[in-house]
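# Working through the structure, step by step
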Amino acid sequence: MLTSTALEPARQHEHSRPNTAKLLHSLSIASEKFEQTLQKVTSKKKKRKENGIQPPKSIKKAKMKPMVKQVIKSSQREERLERLEEEVQCGEKSGEALEALLSDLAKVSNSRERASRLFQWLIHPIPSMSFFGDTWEKKPVLIKRQNPDYYKGLFSTAEFDRILRQDDVQYGVNLDVTSYTNGKRDTHNPPGRALPFTVWEFYESGCSLRMLNPQAFSSTVWSVLSILQEQFGSMAGANVYLTPPGTQGFAPHYDDIEAFVVQLEGKKHWRVYNPRSEDEVLPVVSSPNFSQSEIGKPILEVVLEAGDLLYFPRGFIHQGDCLPDAHSLHITVSSYQRNSWGNLLAKVVPAALEMAMEEDVDFRRGLPVDYLTYMGVQNSDEEDPRRAQFLSRIEELMKKLSTFAPVDAAVDQKARDYLHDCLPPMLTAEERASSVQGAPSRWEDGEAVDVGVTIRGHTRVRLIRSGIARLCSDGEAVWLYYTADNSRVYHKEEPKSIEIKAEQTDGMEFLIHAYPKFVTVGSLPCESAEDKVSLAELLFEKGLIHTAEPLQRS
């Protein structure tokens with residue numbers, strides 16, 4: 001399970017009811033085509049070749065072999081079709097509980113509190129404080145709920161099908177087709193757009209489907225992740241996995257993210273293993289695929305059912321496979337990629353060393369002229385008193401280096417990276433109405449009308465989100481970095497920032513620290529009334545603040 005790295009272009013898609021008849025018709029066609037495969041291999045080869053969607057040889061061979069994980073008997077296939085029909089019908093009615101939760105959260109004025117409550121819902125009944133104290137980064141945890149509807153509405157097979165039909169889903173960018181058989185992991189991505197005809201045929205042949213970026217297509221997933229990222233102070237990403245019965249799509253491996261496996265439909269058998277050594281505890285990067293002989297025995301083995309949650313920290317090896325009697329749909333919510341003390345120090349130390357060499361002559365003094373004769377690997381076993389003196393000097397300089405560490409500046413660099421990673425906020429109806437997106441300006445009867453809305457000293461404003469913007473300095477100017485114009489596609493846009501005038505920086509800091517309270521524009525500690533209004537107008541136009549009441553035409 002990997003963190004999302006490529007998301008669909010930024011646009012909000014309204015939820016539409018899935019077309020049940022079309023999906024069931026598509027699934028029926030896929031089932032019938034599978035029945036005909038053994039009799040019509042030659043003709044299908046020709047057809048696939050003509051359409052440029054030739055499946056890999058491994059898949060075609062798998063269809064020819066009587067393997068439980070690849071060949072689905074007619075009776076099993078009919079049962080699965082019935083189950084999928086039920087899931088689709090349920091999918092049309094799903095989302096009431098989550099929709100109500102998100103509606104309630106929209107009424108919470110503080111986005112930090114909103115994030116805290118949503119995270120508590122995710123891991124209920126474990127209290128957040130005990131989770132972060134006892135479990136986070138330490139050990140896996142399983143939450144069995146016996147409530148298949150707990151996460152209903154977050155995502156569904158019906159929505160998966162709708163996205164394939166309505167959106168430009170590209171193989172390798174938005175969707176991976178994978179299999180894991182006989183200890184070998186394969187990816188079977190054709191080029192181009194992933195259309196239902198081919199995707200569902202891959203699924204019927206025993207392949208797993210991984211949607212790399214559901215937040216780009218689903219407004220509900222976007223809403224959930226954009227809220228949760230404030231809880232983590234780190235990008236929250238997601239992948240969706242749809243796995244056929246009796247199959248496994250991925251080899252055992254560990255990831256470089258904290259993973260929350262949310263079971264949405266069906267059930268899946270999971271095995272989780274301890275890190276193999278101290279070197280693999282909280283790793284910096286994800287692992288390659290492991291063989292079964294490399295990973296030992298699992299410390300946790302469980303079947304996740306709809307409504308269950310499994311959390312495991314980065315570095316814990318894991319694998320999941322479907323039981324023969326049910327498919328599986330789960331979404332993995334992930335965070336904390338490259339967000340360690342080491343990642344921060346990677347920014348602190350070079351900057352500290354540069355400052356130390358500028359300001360302290362001890363860092364500029366020359367090395368001993370003969371240090372190459374007693375230092376280095378070839379001399380490491382030699383008993384030479386000069387080595388001890390050399391190492392002592394290094395230790396002194398390292399201790400001294402900490403006094404030059406520009407920690408705040410390095411944190412601001414991390415913050416800029418975080419703001420670039422973030423999803424843009426999904427506005428509530430109230431926020432939209434009182435922000436630039438709800439301004440009354442429009443085209444009517446051949447002219448632009450209601451263009452002149454005015455912000456005055458008595459206008460009450462606040463940031464739209466606690467973490468939507470941050471002041472940073474490059475030493476010469478002060479810049480405000482923000483997320484409002486980010487894309488739902490990871491790093492599709494360059495980092496967004498605007499320069500803040502020196503006479504307005506105090507006003508900007510005041511706004512940031514005043515959140516979640518509304519404050520009057522006139523109360524901003526800028527040098528003049530004009531500076532106060534111009535700052536508020538700039539922030540309003542960029543979508544960073546909203547007003548206590550919708551602005552009216554002046």
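Residues numbered from 1 in each chain as written. Predicted model: local features only at pLDDT ≥ 70, side-chain atom pairs only at ≥ 80, totals over all residues. Heavy atoms only, no water.

### A few points about the environment of valine 199
Examined against the element boundaries, valine 199 turns out to sit in helix H9 (residues 196-204). What makes valine 199 buried here is its relative accessible area of 0%. For the pair valine 199 and aspartate 176, spaced 23 residues apart in the sequence, the C-alpha separation amounts to 9.9 Å. (Helix = DSSP H or I, 4+ residues; strand = E, 2+ residues; numbered from the N terminus. Buried < 20%, exposed > 50% of the residue type's maximum accessible area, 1.4 Å probe, protein only.)

### Details of helix H8 (residues 157-166)
Taken across its 10 residues, H8 has eight buried, putting it largely inside the fold. Every buried residue of H8 is listed here: Thr157, Ala158, Glu159, Phe160, Asp161, Arg162, Ile163 and Leu164.

### Structural notes on the sheet that holds strand E13 (residues 460-463)
Pairing between the strands of a sheet is mediated by backbone hydrogen bonds and can be parallel or antiparallel. The strand order across the open sheet built from three strands is E17-E13-E18, with neighbouring strands paired in antiparallel fashion. Two strands lie at the open edges of the sheet, namely strand E17 (519-520) and strand E18 (545-547), each paired on one side alone. Bridge count for E13 against E18 is three bridges, and the pairing is antiparallel. Looking across to E18, one finds that arginine 462 is bridged to histidine 546. (Pairing = 2+ DSSP bridges.)

### Re the pairing of strand E5 (residues 237-243)
Most of E5 is tucked away: seven of the seven residues are buried. Burial along E5 is two-sided: Gly237, Asn239, Tyr241 and Thr243 facing one way and Ala238, Val240 and Leu242 facing the other are all buried. The pairing of E5 with strand E10 (residues 328-335) spans seven bridges and is classified as antiparallel. Counterpart to alanine 238 in the pairing with E10 is valine 333.

### Some thoughts on the side chain of histidine 318
Its location among the elements puts histidine 318 in strand E9 (residues 317-321). Here aspartate 255 takes part through its side chain, which lies 3.2 Å from a polar atom of the side chain of histidine 318. (Polar contact = N/O pair within 3.5 Å; in protein donor to acceptor, adjacent residues only side chain to side chain.)

### Observations concerning the environment of arginine 185
With respect to the secondary-structure elements, arginine 185 resides in strand E3 (residues 184-187). By relative accessible area, which is 23% here, arginine 185 ends up partly exposed. Here arginine 185 is in contact with Thr178, Ser179, Tyr180, Arg210, Gly249, Phe250, Ala251 and Asn289, once residues within four sequence places are set aside. At a separation of 3.0 Å, a polar atom in the side chain of arginine 185 contacts the side chain of threonine 187. (Contact = heavy atoms within 4.5 Å.)

### So, the sheet that holds strand E14 (residues 469-473)
On the basis of which strands lie adjacent, the open sheet formed by three strands has the order E14-E15-E16 and antiparallel pairing. A strand with exactly one partner marks an edge of an open sheet, and here the two such strands are E14 and strand E16 (496-500). Direction aside, the axes of adjacent strands within the sheet are offset by 30° on average. One ladder, built from five bridges, connects strand E15 (residues 478-482) with E16; its direction is antiparallel. Within E16, the residue paired with valine 478 across the bridge is isoleucine 500. Together, E14 and E15 form the strand contacts of helix H13 (residues 407-421), whose direction differs from that of E14 by roughly 140°. Across the face of the sheet, helix H15 (residues 505-514) comes into contact with E14, E15 and E16 while running at roughly 145° to E14. (Axes fitted to C-alpha atoms, helices over the stretch in contact; angles between N-to-C directions.)

Function cannot be inferred from these measures alone, as they are strictly geometric.
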